[in-house]
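Here is what each chain is made of, one letter per residue.
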Amino acid sequence: MKPVDLEKFWADDALAHENNCFSEKAPQVALGIRMSDECVFAELNEPGNPWGHTPRERRIDLNRRYNDLAEQIVGRRLLREDYPPEDAVLPAYKGIGEVFEGEYRFDGNVTWLEGHCKTPKELEAMLDRVDKLDVRDFILPDNWYAEKKRICEQYGTKPALWRNVRGPVTLATSIFGVENLIFLYYDAPELFARFSQTILKVIKDYIAVSTEEAGLTMEEAPRGFSFADDDCNLLTPEMYEVFGYPVLKEVFELCSPDPGDPRYQHSDSAMGHLLPILSRLNLTGCNFGPTVTVEEIRRHMPRTRIDGQLAPFTFMRNDEDAIVAEVRRDCEMIKASGARGLNLSTAGSINNGSLLTSMRAVMYAIQTYGRY
């Protein structure tokens, strides 16, 4: 394993996370990697589906054993071990894709959203139905109010706020298709814009419903919203200006109206061409694809925390020299920028197969090359 002074690393890392990772007191680049529940199977050589259902007791056992190993290798317990009883979990809202008449299908490995409208005429008819839909009545499960009352009385748990969603482009491409959405910009620009506005309306409906069900007003609710929009890279800046940007802008104005309120965008794709547009949203944090460099992001977003830019597949291959090379590159880029705000993470998901020794290699690289 790579040599790391673990005690010093974690003391320095605590300082590195202050002020959204921009603290002048930070002695080194912050570490954002904390692994994921998916990683227990390869690390422990245990069978299981990383993206499938794992029973609660088995999940707790796997995570506890994983954390025992993590303490030895990286000096911290990383995964949660306090999962609530299954009867303490509220039934879920219907997914936003279902509002747009799509279906979530688990193929044995991953859950995909599949839409059923393929032509502009079918899309227009579907949007007509969505615009008339009582979203509250549609998304709340039949047993919602009874379960909400029971769980609140038994466990003191209140419904969580709904403050993150698939981005508008990814939702639209899943429902209508990539090529169909792109052609729509040219063939039916008014319908293209309407699709975006209906997505915005539905997102705002979810926000309103969840806020009320949590017993809060928008003024009382914690600030913040985040989008996960992998497919935004498929649109040109002109297309994104019409379709994606207005949705993010209005939702952030609703949920994050003041400077410093959390505004987050994830899209682990080659979406560097959209940075000039996204920069106008004053993001407080971002996680972009591995081909989008720290230098490029910082040029457009001087005050945005960068969660990246280690390629997830580099991390998963566990080639420690390659990991160190990428982390060194990113540390040198952030130092050359004259700014801070790098939270060294993978530029996308941390997948099963990524080992704790690879996390330790990242820590070694930060301690060696990431000192401010």
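Computed from a predicted model, the values in this text were never measured in an experiment.

## Here's the deal with the pattern of salt bridges
Two side chains that carry opposite charge are able to pair once their charged atoms sit near each other.
Okay, step 1: Counted according to the given criterion, the structure contains 35 salt bridges.
Okay, step 2: Notably, a salt bridge pairs R64 with E81, separated by 3.8 Å at the nearest N-O pair. Residue R64 is found in helix α4 (residues 56–73), and its partner E81 is found in the loop between α4 and α5 (96–99); the two are separated by 17 residues along the sequence.
Okay, step 3: For E81, a relative accessible area of 25% corresponds to the partly exposed category.
Okay, step 4: It is possible to trace a salt-bridge network through shared partners that takes in R64, D68, E71, R77 and E81.

## Topic: the nonpolar core
Okay, step 1: By size, the foremost hydrophobic cluster in this structure holds 99 residues, and its most contacted members are F100, F195 and I203.
Okay, step 2: Take this core: its biggest share by element is 10 residues, from helix α11 (residues 189–213).
Okay, step 3: Among all residues touching F195, those that are not within four sequence positions of it are F100, L123, L127, A172, I175, F176, L181 and F243.

## Notes on empty space enclosed by the protein
Okay, step 1: Going through the model one piece at a time under the given rule, you end up with 1 cavity of 30 Å³ or more.
Okay, step 2: The calculated volume of the largest cavity comes to roughly 40 Å³.
Okay, step 3: Of the residues contributing to the lining of the largest cavity, the split by class is 5 nonpolar, no polar and 2 charged.

## Regarding helix α13 (residues 245–255)
Okay, step 1: Looking only at α13, the buried set comprises Y245, V247, L248, V251, F252 and C255. Buried residues of α13 fall within an arc of 160° about the axis and therefore sit on the same side.
Okay, step 2: The elements touched by buried residues of α13 are α9 (168–176), α11, β5 (225–228), α12 (237–243), β6 (263–267) and α14 (275–278).

Definitions and limits used
Residues numbered from 1 in each chain as written. Predicted model: local features only at pLDDT ≥ 70, side-chain atom pairs only at ≥ 80, totals over all residues. Heavy atoms only, no water. Salt bridge = Lys/Arg side-chain N within 4 Å of Asp/Glu carboxyl O. Helix = DSSP H or I, 4+ residues; strand = E, 2+ residues; numbered from the N terminus. Buried < 20%, exposed > 50% of the residue type's maximum accessible area, 1.4 Å probe, protein only. Core = buried A, V, L, I, M, F, W, Y, C linked by side-chain atoms within 4.5 Å. Contact = heavy atoms within 4.5 Å. 1 Å grid on protein atoms, 1.4 Å probe; cavity = no way out; pocket = protein on both sides within 12 Å on 5 of 7 lines; lining within 4 Å. Points joined across faces, edges and corners; volume = space filled by probe spheres on them. Nonpolar A, V, L, I, M, F, W, Y, C, P; charged D, E, K, R; others polar. Arc of directions from axis to C-beta.

Any link to function would need more than the numbers given here.
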